[in-house]
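Spelled out from the first residue to the last, the chains are:
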Amino acid sequence: MELFMKKYCLFIFFLIAGIIFHLFKLLLMDREFSFIFDEVIFYIILVPVLEETIFRGGIQNYLKGKITTFKSIDNIKNVLSTKSFISLQNIVTSLLFSMAHLFYFSLLHAFLVFFPSLIFGIVYDRYHNLFFPIFLHGIYNLSVFII
């Protein structure tokens, strides 16, 4: 159990932070809870598939070949390489992911989306498979409907 907590504590922290954010949003904004099947399917299946395909499979994957060629960021590249905890490509992709949420949500929501996006990017960098970030994204979005 201790090894599990050390290995996944960041993911667990941000998952709990996301749930707490949505709970506060529900309580403080007098938002009524409603379970609409179409919305659940949209936010738990369709949105994660589309967003992760665009941001992880498209942008983050594209940046892997581009960012590492810049000579001016060699020091940053060494610290934030894909062998490190968080890649530079993941940070750029997560910033773009957060900014894309500004079209539909508040600044606070976009800011808080940045952190789970980093987790999804770490998982993508590690496993090179879109299934895992899509699955985690769906679980994260499910937290909205659970609370």
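Scroll up for the structure.
This is a predicted model, so every value here is computed, not measured.

> Would you take a moment to explain the pattern of salt bridges for this structure?
Taken as a whole and judged by the stated rule, the model has two salt bridges. With its nearest N and O atoms 2.8 Å apart, the salt bridge here joins R56 to E52. Of this pair, R56 and E52 are both found in helix α2 (residues 37-66), four residues apart, which corresponds to roughly one turn of the helix. Of the two residues, R56 and E52, neither departs from the other in class, the shared state being buried. As a salt-bridge pair, D125 and K64 come within 3.3 Å of each other at their nearest N and O atoms. With D125 in helix α5 (residues 107-127) and K64 in helix α2, the pair connects residues that are 61 residues apart, well separated along the chain. Each member of the pair, D125 as well as K64, is classed as buried.

> Help me understand the packing of α2 against α5, please; the structure alone is not making it clear to me.
Two numbers describe a pair of packed helices, the interaxial angle and the distance between the axes. Packing of α2 against α5 brings their axes to within 11 Å, and their N-to-C directions diverge by 60°. In terms of their interaxial angle, α2 and α5 are classed as oblique. The hand of the α2/α5 crossing is right-handed. Contact residues: E52, R56, G57, Q60, N61 and K64 in α2; S117, F120, G121, Y124 and D125 in α5. Looking at the contact of α2 with α5 residue by residue, the class counts come to two nonpolar, five polar and four charged.

> Explain a nonpolar patch on the surface here, please?
Residues F42, Y43, L46, L50 and I54 make up a contiguous nonpolar surface patch of about 440 Å² in total accessible area. Of the residues examined, Y43 reaches a relative accessible area of 33% and is grouped as partly exposed.

> What should I look at first to understand the environment of K64 in this one?
Between the alpha carbons of K64 and Q89 there is a distance of 6.2 Å; along the sequence they are 25 residues apart. With residues up to four places along the chain from it excluded, the contact list for K64 reads Q89, Y124, D125 and H128.

> For this particular structure, what's the right way to read α2?
Each α-helix turn comprises 3.6 residues. Residues three or four places apart therefore point the same way. Taking 1.5 Å per residue as the helical rise, α2 with its 30 residues ought to reach 44 Å, and the 41 Å between its terminal C-alpha atoms agrees with that figure. The largest bend in α2 amounts to roughly 35° and is located at V47, with the proline P48 lying one to four residues further along. Within the span of α2, buried status applies to V40, I44, V47, P48, E51, E52, F55, R56, Q60, L63 and K64.

> Just checking my understanding: could you explain the packing of aromatic side chains for this structure?
Any aromatic ring pair is given by two values, namely how distant the centres are and how the planes are angled relative to each other. By the definition in use, this model includes eight aromatic pairs. Measuring from ring centre to ring centre gives 5.2 Å for F111 and F115, while their planes differ by 85°; the resulting arrangement is edge-to-face. Taken together, the residues F111 and F115, both in helix α5 and four residues apart, mark about one turn of the helix. Residue classification places F111 among the partly exposed positions, given a relative accessible area of 48%. Where F120 meets Y140, the ring centres are 6.4 Å apart and the plane angle is 80°; that geometry is what we call edge-to-face. Of the two residues, F120 is situated in helix α5 and Y140 in helix α6 (residues 131-146); the sequence distance between them amounts to 20 residues. As far as the burial class goes, F120 and Y140 line up, both buried. The structure contains a cluster of three or more aromatic residues connected by ring pairs, namely Y127, F131, F132 and F135.

What counts, and at which threshold
Residues numbered from 1 in each chain as written. Predicted model: local features only at pLDDT ≥ 70, side-chain atom pairs only at ≥ 80, totals over all residues. Heavy atoms only, no water. Salt bridge = Lys/Arg side-chain N within 4 Å of Asp/Glu carboxyl O. Helix = DSSP H or I, 4+ residues; strand = E, 2+ residues; numbered from the N terminus. Buried < 20%, exposed > 50% of the residue type's maximum accessible area, 1.4 Å probe, protein only. Axes fitted to C-alpha atoms, helices over the stretch in contact; angles between N-to-C directions. Parallel < 35°, antiparallel > 145°, perpendicular 65-115°, else oblique. Left-handed = near helix turned anticlockwise from the far one by under 90°. Contact = heavy atoms within 4.5 Å. Nonpolar A, V, L, I, M, F, W, Y, C, P; charged D, E, K, R; others polar. Patch = residues over 30% accessible without salt bridge, like charges linked within 9 Å, V, L, I, M, F, W, Y side chains within 5 Å. Areas by Shrake-Rupley, 256 points an atom, 1.4 Å probe, with all protein chains shown as cover. Expected span 1.5 Å × (residues − 1). Bend = angle between axes of the 7 residues up to and from the residue. Phe/Tyr/Trp six-rings, centres within 6.5 Å; stacked < 30°, edge-to-face > 60°.

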